[in-house]
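Here is what each chain is made of, one letter per residue.
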Amino acid sequence: MLKPAVRSAVESTSIAHLATVLPDGSPHSIPLWVSSLDDKIIFLTGPNSQKARNLRHDPRVALSLAPVDNPYEPVIVRGRVVEWIDGDAGWELVDQIAQKYIGQPYGRDVERVIGVIEVDHQTVGVS
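Structural notes, computed from the coordinates.

Calculation notes
Residues numbered from 1 in each chain as written. Predicted model: local features only at pLDDT ≥ 70, side-chain atom pairs only at ≥ 80, totals over all residues. Heavy atoms only, no water. Pairing = 2+ DSSP bridges. Helix = DSSP H or I, 4+ residues; strand = E, 2+ residues; numbered from the N terminus. Axes fitted to C-alpha atoms, helices over the stretch in contact; angles between N-to-C directions. Salt bridge = Lys/Arg side-chain N within 4 Å of Asp/Glu carboxyl O. Buried < 20%, exposed > 50% of the residue type's maximum accessible area, 1.4 Å probe, protein only. Core = buried A, V, L, I, M, F, W, Y, C linked by side-chain atoms within 4.5 Å. Contact = heavy atoms within 4.5 Å. Phe/Tyr/Trp six-rings, centres within 6.5 Å; stacked < 30°, edge-to-face > 60°.

Observations concerning the sheet that holds strand β2 (residues 27–32)
On the basis of which strands lie adjacent, the open sheet formed by seven strands has the order β2-β1-β5-β6-β7-β4-β3 and antiparallel pairing. Where the open sheet ends on each side, the last strands, each with one partner, are β2 and β3 (34–37). On average, adjacent strands in this sheet sit at an angle of 35° to one another, irrespective of strand direction. The sheet contact formed by strand β4 (residues 40–45) and strand β7 (residues 113–124) spans six bridges and is antiparallel.

Digging into the pattern of salt bridges
A full pass over the atoms with the stated rule returns five salt bridges. The salt bridge involving Asp 58 is made with Arg 60; its shortest N-O contact spans 2.7 Å. Here Asp 58 falls in the buried class, since its relative accessible area comes to 12%. With its nearest N and O atoms 2.7 Å apart, the salt bridge here joins Arg 80 to Asp 120. Taken together, the residues Arg 80 in strand β6 (residues 75–85) and Asp 120 in strand β7 connect sequence positions 40 residues apart.

Focus: the nonpolar core
Of all hydrophobic cores here, the largest spans 31 residues; its most connected members are Leu 18, Val 34, Ile 41, Phe 43, Leu 63, Leu 65 and Ile 114. Sorting elements by how many residues they give to this core places helix α3 (residues 87–102) first, with six residues. The contacts of Ile 41, once residues within four sequence positions are left out, are Leu 2, Val 10, Val 34, Ser 35, Ser 36, Leu 63, Val 77, Gly 115, Val 116, Ile 117 and Val 119.

What about the packing of aromatic side chains?
Evaluated as defined, the whole model comprises four aromatic pairs. For the ring pair Trp 33 and Tyr 106, a centre distance of 6.2 Å and an interplane angle of 80° mean the geometry is edge-to-face. You can see Trp 33 sitting in the loop between β2 and β3 and its partner Tyr 106 sitting in the loop between α3 and β7, a full 73 residues away along the chain. Judged by centre distance (6.1 Å) and plane angle (80°), the rings of Phe 43 and Trp 84 are edge-to-face. Linking Phe 43 in strand β4 with Trp 84 in strand β6, this pair joins segments that are 41 residues apart in sequence. Members of the aromatic cluster, each reached through a chain of ring pairs, are Trp 33, Trp 91, Tyr 101 and Tyr 106.

Written out as structure tokens, the structure is:
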């Protein structure tokens, strides 16, 4: 279950930073939009993006957010991508996330999928 402070940060318009593992074992970190789906965290990406390729090879992630209302109390999550949602169901979630961040549906000029993160560890504040 997501802690209330984690859910609040994920549901806000805070930009998250997602860390994945490159094939050579080095880290790859990228800012992105996130939301929650039940007790999981979701994000959108291109199906052939570097992060998507990394996650197909190794599904482990670390995610950090500086909440908009309290940027000095960071939210840190570790987990793994357990599912990819595409097609109409994926676009519905992409549009929900885009609506939150930019106030309109996401453009259809590029392909997008939703990554679903199952959370293994969550920390709020300095650890």
